[in-house]
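Observations on chain architecture
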Amino acid sequence: MAGLVRKSFEAPEEVRPFEDGKGRLELVNVGGGQVGRATFEPGWKWSEHVKPIAQTDSCLAAHAGYVVSGRMKVVMNDGQEEDFGPGDYMNVAPGHDAWVLGDDPCVVVDWMGFSDYAKR
């Protein structure tokens, strides 16, 4: 194993676009998995822009991530909800919907839940 590893989201190994041009997921491969940076454009909503790709009723990915910019609301299937913004750590269990709040893109770096996210 290398003593140092450098990866850049400016040169990701894979890019997955969301429906209707409402954002993208950029992935870099790291030992044993992937880390993703997602850019969710204003108007993005999981149930409209990823559900057609995932073909599930709600997002079944677990997320552990950091919000770089923008704001996002996450609503769990049981009704629990939270708003996340810049500087927030987010840990989200499977079974949720989410959408961008406001007029700015929401950028999230996630090291747990993006390996199969929006995968066609």
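Here, the structure is the one placed above.
Residues numbered from 1 in each chain as written. Predicted model: local features only at pLDDT ≥ 70, side-chain atom pairs only at ≥ 80, totals over all residues. Heavy atoms only, no water.

1. Notes on a nonpolar patch on the surface
For the record, the criterion: Excluding any residue in a salt bridge, patches collect residues exceeding 30% relative accessible area, merging like charges within 9 Å and nonpolar Val, Leu, Ile, Met, Phe, Trp and Tyr side chains within 5 Å. Working definition of accessibility: Shrake-Rupley area with a 1.4 Å probe, residue cover restricted to the visible protein chains. Within this document, salt bridges are pairs made up of a side-chain nitrogen of Lys or Arg and a carboxyl oxygen of Asp or Glu, the two lying within 4 Å of each other. Secondary structure elements are defined from DSSP: runs of H or I of at least 4 residues count as helices, runs of E of at least 2 residues count as strands, and each element is numbered from the N terminus. Working definition: with a 1.4 Å probe on protein chains only, accessible area under 20% of the residue-type maximum means buried, over 50% means exposed, and in between means partly exposed.
A contiguous nonpolar surface patch, about 530 Å² in accessible area, is contributed by Tyr-66, Val-68, Tyr-89, Trp-111 and Met-112. Note that Tyr-66 resides in strand 4 (residues 63-69). For Tyr-66, a relative accessible area of 39% translates into the label partly exposed.

2. Quick look at the sheet that holds strand 9 (residues 106-110)
How we decide: A strand pair is defined by DSSP finding two or more bridges across the two strands. For helices, the fitted axis covers only the stretch in contact; all axes are lines through C-alpha atoms, and the angles between them, taken along N-to-C directions, range from 0 to 180 degrees.
Here we have six strands laid out as an open sheet, ordered 1-2-3-9-4-7, and antiparallel in their pairing. Either end of the sheet is taken by a strand with one partner, and the two such strands are strand 1 (14-17) and strand 7 (89-92). In this sheet, neighbouring strand axes are inclined to one another by 25° on average, regardless of whether the strands run parallel or antiparallel. In the sheet, strand 1 pairs with strand 2 (residues 23-30) via four bridges, with the strands oriented antiparallel.

3. Re the nonpolar core
Heads up, the condition is: In plain words, nonpolar cores are sets of buried Ala, Val, Leu, Ile, Met, Phe, Trp, Tyr and Cys residues tied together by side-chain atoms within 4.5 Å. Working rule for contacts: check all heavy atoms of both residues, and any pair within 4.5 Å makes them a contact.
Among the nonpolar cores identified, the biggest contains 25 residues, and Phe-18, Phe-40, Trp-44, Met-72, Val-74, Met-90 and Tyr-117 are the most heavily contacted of them. Elements that contribute at least two residues to this core include exactly strand 2, strand 3 (33-40), strand 5 (71-76), strand 7, strand 8 (96-101) and strand 9. Here this core gets three residues from one element, more than from any other, and that element is strand 5. Excluding its chain neighbours within four sequence positions, the residues that come into contact with Phe-18 are Gly-23, Arg-24, Leu-25, Ala-38, Thr-39, Phe-40, Trp-44, His-49, Val-50, Tyr-117, Ala-118 and Arg-120.

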